[in-house]
Amino acid sequence: MRKKPEYIFNKEIESKLTGFKTYLQELGNGASTIRQKSNYAGYFLSWLETEHLQPEDTRYNDLLSFIDYCKLEVDALSGVEGNSKRHINSKLRSIRNFYEYLKQSNSTIINPAANLNLKGIRQKLPSNIIDFKELENLYQSLGTTTNREKRNKIILGILVYQGVTTEELHQLNPNHLKLKEGKIVVPGNRRRNSRALELKPFQILELHEYLTEIRPTILQEITAPRPARKPTKINHPKIENQLFVSINGSENIKNSLLHMFKAIQKLNPEILHPKQIRASVITYWLKNHNLRQVQYMAGHKYVSSTERYQLNNLDNLQSKLEKFHPLNNK
């Protein structure tokens, strides 16, 4: 029987599947089952190659992106939804079997497909999108009397104009600022890619003041004894390597962001949290840039993550989610 193109694999993948086929045979699977499971496992391994992922490094969130790929890829090629819920769950079962096979030689490997079925996936759609002009107005309105307020305005500017996550804010250090080039380098991690993003001219001036005056003052005041709420032990080497510094010497700026958003909500009660700002920024970017540009700017590893923010696709995505929701599983 002639193989479909998606089930024709390179030599490296075929080599990985050889042992898997033997494993399935030893479990008593028939020839047709072995063929289907190895085809689906190979399809998954091919996708991992395109995403530059190794099976042992793959996690649950990567599987969610693989599921999105299964749904969207067929739509793009044929215009029909060939990967039904039943079909995708068959692929997930084969992936689980493949990881069970891998665990024979590496007991520490994590099976990202364990207990994963499509009916259990609740993908969140972007909601409460704020118009970008409102975000800019908020940025302009935020007070800058104290060093804390000046720092907060700079943080808000990076949320609004560079669309970073709160996790990325914590990872930034002074070396990530390339003020002469007018850029900020946002470091990558397992979930997001690194990228170099343009700074607005006014951000460059504010960040220069922050680096040369505001930040050193904050660090100095942390060092100086004063009767304020402070951690019992301050990790000076760590906080001195952070771009954004908590007033009380904490290594985590979570509380700083919490207080900042309380001030923000007094100016605009509709703005609730950093994720809402990021979703609004990405939605705005998609109106002005192509999909791949926005994927880079947002640091998304998968283009399907970016596509979720396309407003013209939200209704279609919502109908799909309703179709696959367990309450609608009849």
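1. Some remarks on the pairing of strand β3 (residues 195-198)
Right, on to step 1. Only one face of β3 is buried: it carries R195 and L197, and the other face, with A196 and E198, is open.
Right, on to step 2. With four bridges joining them, strand β2 (residues 183-186) and β3 adopt antiparallel strand pairing. Bridge pairing in β3 places V186 opposite R195.

2. A short note on the packing of helix α6 (residues 147-162) against helix α10 (residues 254-267)
Right, on to step 1. Look at α6 against α10: their axes get within 11 Å of each other, and the N-to-C directions meet at 85 degrees. When the axis of α6 is compared with that of α10, the two are roughly perpendicular. Judged by residue contacts, R151, N152, I155, L156 and L159 of α6 engage S256, L257, M260, F261 and I264 from α10.

3. Quick look at the side chain of N111
Right, on to step 1. Within the secondary structure, N111 is located in the loop between α4 (85-102) and α5 (132-141).
Right, on to step 2. In this structure the side chain of N111 is engaged in a polar contact, spanning 3.0 Å, whose partner is the backbone nitrogen of A113.

4. Concerning helix α12 (residues 291-298)
Right, on to step 1. Those residues of α12 that sit buried are V294, Q295, M297 and A298. Projected down its long axis, α12 shows its buried positions confined to an angular sector of 165 degrees, all on one face.
Right, on to step 2. Elements that come into contact with the buried residues of α12 comprise α6, β3, α11 (274-288) and α13 (303-307).
Right, on to step 3. Backbone nitrogen of R292 and a side-chain oxygen of the N-cap are separated by 3.1 Å at the start of α12; the cap is N290.
Right, on to step 4. Directly after α12, the chain includes G299, whose backbone phi takes a positive value near 80 degrees.

5. Details of the pairing of β2
Right, on to step 1. Side chains I184 and V186 of β2 all project onto a buried face; the interleaved residues K183 and V185 project onto a face where none is buried.
Right, on to step 2. Looking at chain direction, strand β1 (residues 177-178) and β2 are connected through two bridges and run antiparallel. Along β2, the bridge assignment pairs L177 with I184.
Right, on to step 3. Linking β1 to β2, which pair antiparallel, is a turn of four residues; within it G182 sits at a positive phi near 70 degrees.

6. Observations concerning the confidence of the model for the protein
Low-pLDDT portions of the prediction should not be read for the details of their coordinates.
Right, on to step 1. Per-residue pLDDT for the protein averages 83, and the proportion of residues at 70 or more is 84%.
Right, on to step 2. Of the regions scoring below 50 in pLDDT, residues 312-318 engages in seven contacts with residues more than four places distant in sequence or in other chains.

7. Let's talk about the pattern of salt bridges
Right, on to step 1. The full count for this structure, using the stated rule, is four salt bridges.
Right, on to step 2. The partner of K150 in a salt bridge is E209, with the nearest N and O atoms 3.9 Å apart. Taken as a pair, K150 in helix α6 and E209 in helix α8 (residues 201-223) lie far apart in primary sequence, 59 residues in all.
Right, on to step 3. Its relative accessible area of 25% is what places K150 among the partly exposed residues.
Right, on to step 4. Between R195 and E168 there is a salt bridge, with the nearest N and O atoms lying 2.7 Å from each other. Of this pair, R195 sits in strand β3 while E168 sits in helix α7 (residues 166-171), placing them 27 residues apart in sequence.
Right, on to step 5. A relative accessible area of 1% means that E168 is categorised as buried.

What counts as what
Residues numbered from 1 in each chain as written. Predicted model: local features only at pLDDT ≥ 70, side-chain atom pairs only at ≥ 80, totals over all residues. Heavy atoms only, no water. Buried < 20%, exposed > 50% of the residue type's maximum accessible area, 1.4 Å probe, protein only. Helix = DSSP H or I, 4+ residues; strand = E, 2+ residues; numbered from the N terminus. Pairing = 2+ DSSP bridges. Axes fitted to C-alpha atoms, helices over the stretch in contact; angles between N-to-C directions. Parallel < 35°, antiparallel > 145°, perpendicular 65-115°, else oblique. Contact = heavy atoms within 4.5 Å. Polar contact = N/O pair within 3.5 Å; in protein donor to acceptor, adjacent residues only side chain to side chain. Arc of directions from axis to C-beta. pLDDT = per-residue confidence, 0-100. Salt bridge = Lys/Arg side-chain N within 4 Å of Asp/Glu carboxyl O.

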